[in-house]
Amino acid sequence: MKSINKIGLIVTKIVEVFHWVAVALMTAATVCAFAAPSWVGHFVSFDAKECCGVNLSVYGFELNVAYTDKKFDSSSFLLFGIGAVIILALMAMIFRNLYLIIKKSNNATPFQACNIRKLREIGIFAIAVPIVGLVMSVISRLVVGVETAETSNNFGGLIIGIVVLCIAEFFIHGIELEKDVDGLL
């Protein structure tokens, strides 16, 4: 079990760091889309330019940006970037909390109040990911219009978040049982 915990610690920390790097890169791309809209075309592949647009996607939030008049709509990139930065930061926080739970439970019982708080936060962050995608989809459609940007969302994170919140409740019950057993001994 100790080797699995070590692997879990390493993997969750690496994934967390990758997400924070993605947040930084996406922030830079978003600022670039705002400050220098003519550079937006450099962020997409040549194949997208020949066809009908580009599909931007992050954790279920998708935005198809139309390619018209030999240019992309930079406001669509800006709106996608804002949503992507928020979503990637939420995912980084999920992996940070997972890392902290594994680390805190390494030499002690996992039934600790701080672990339950972190588990609840994971559930809330997982629920927030599709909600942020939905809000950014609505804003994108209102700002740039339906003819310029087509949006799509995946609500799988909503179910995962509810499951994690239910597991947190089981951990609360585990703490109560541990207290009862300690009181008997």
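Keep in mind it's a predicted model, so treat the numbers as computed, not measured. (Residues numbered from 1 in each chain as written. Predicted model: local features only at pLDDT ≥ 70, side-chain atom pairs only at ≥ 80, totals over all residues. Heavy atoms only, no water.)

## Brief notes about the environment of His173
Part 1 of the argument: Secondary-structure assignment places His173 in helix α5 (residues 156-184).
Part 2 of the argument: With relative accessibility at 44%, the residue His173 sits in the partly exposed group. (Helix = DSSP H or I, 4+ residues; strand = E, 2+ residues; numbered from the N terminus. Buried < 20%, exposed > 50% of the residue type's maximum accessible area, 1.4 Å probe, protein only.)

## Section: the pattern of salt bridges
Part 1 of the argument: Evaluated as defined, the whole model comprises three salt bridges.
Part 2 of the argument: Note that Arg117 is salt-bridged to Glu121, the shortest N-O span being 2.9 Å. Residue Arg117 and its partner Glu121 are located together in helix α4 (residues 113-144), separated by four residues, close to a single helical turn.
Part 3 of the argument: The exposure class assigned to Arg117 is partly exposed, which follows from its relative accessible area of 44%.
Part 4 of the argument: Glu121 gets classed as partly exposed once you look at its relative accessible area, which sits at 23%.
Part 5 of the argument: The closest approach of N and O atoms between Arg120 and Glu169, which form a salt bridge, is 3.3 Å. Separated by 49 residues along the polypeptide, Arg120 in helix α4 and Glu169 in helix α5 bring together distant segments of the chain.
Part 6 of the argument: A relative accessible area of 43% places Glu169 in the partly exposed class. (Salt bridge = Lys/Arg side-chain N within 4 Å of Asp/Glu carboxyl O.)

## Details of the environment of Asp73
Part 1 of the argument: In this fold, Asp73 is placed in the loop between β3 (71-72) and α3 (74-105).
Part 2 of the argument: Note: C-alpha distance between Asp73 and Ala149 (76 residues apart in sequence) is 8.7 Å.
Part 3 of the argument: Contacts of Asp73, omitting those with residues within four sequence positions, involve Val65, Ala66, Val144 and Thr148. (Contact = heavy atoms within 4.5 Å.)

## Some details on α4
Part 1 of the argument: With 32 residues, α4 extends 46 Å from end C-alpha to end C-alpha; this agrees with the ideal 46 Å at 1.5 Å per step.
Part 2 of the argument: Gly145 sits one or two residues past α4 and shows a positive phi near 90°. (Expected span 1.5 Å × (residues − 1).)

## Some details on the packing of aromatic side chains
Part 1 of the argument: One pass over the full model with this rule turns up one aromatic pair.
Part 2 of the argument: On the numbers, 5.4 Å between centres and 20° between planes, the contact of Phe61 with Phe80 is stacked. With Phe61 in strand β2 (residues 61-68) and Phe80 in helix α3, this residue pair connects regions lying 19 residues apart in the sequence.
Part 3 of the argument: When the ring centre of Tyr99 is taken as reference, the NZ or CZ atom of Lys13 above it lies at 4.4 Å. (Phe/Tyr/Trp six-rings, centres within 6.5 Å; stacked < 30°, edge-to-face > 60°. Lys NZ or Arg CZ within 6 Å of the ring centre and 35° of its normal.)

## Some remarks on the confidence of the model for the protein chain
Part 1 of the argument: For the protein chain, mean pLDDT is 84; residues scoring 70 or higher make up 86% of the total.
Part 2 of the argument: The element-level mean pLDDT for the protein chain is lowest in helix α2 (residues 46-50), coming to 52, with α4 highest at 92. (pLDDT = per-residue confidence, 0-100.)

## Re the packing of helix α1 (residues 2-35) against α3
Part 1 of the argument: Relative to each other, α1 and α3 sit at 160°, their axes nearing to 8 Å. Classified by the interaxial angle, the pair formed by α1 and α3 is roughly antiparallel. In terms of crossing hand, the pair formed by α1 and α3 is left-handed.
Part 2 of the argument: The class makeup of the residues in the contact of α1 with α3 is 23 nonpolar, eight polar and four charged. (Axes fitted to C-alpha atoms, helices over the stretch in contact; angles between N-to-C directions. Parallel < 35°, antiparallel > 145°, perpendicular 65-115°, else oblique. Left-handed = near helix turned anticlockwise from the far one by under 90°. Nonpolar A, V, L, I, M, F, W, Y, C, P; charged D, E, K, R; others polar.)

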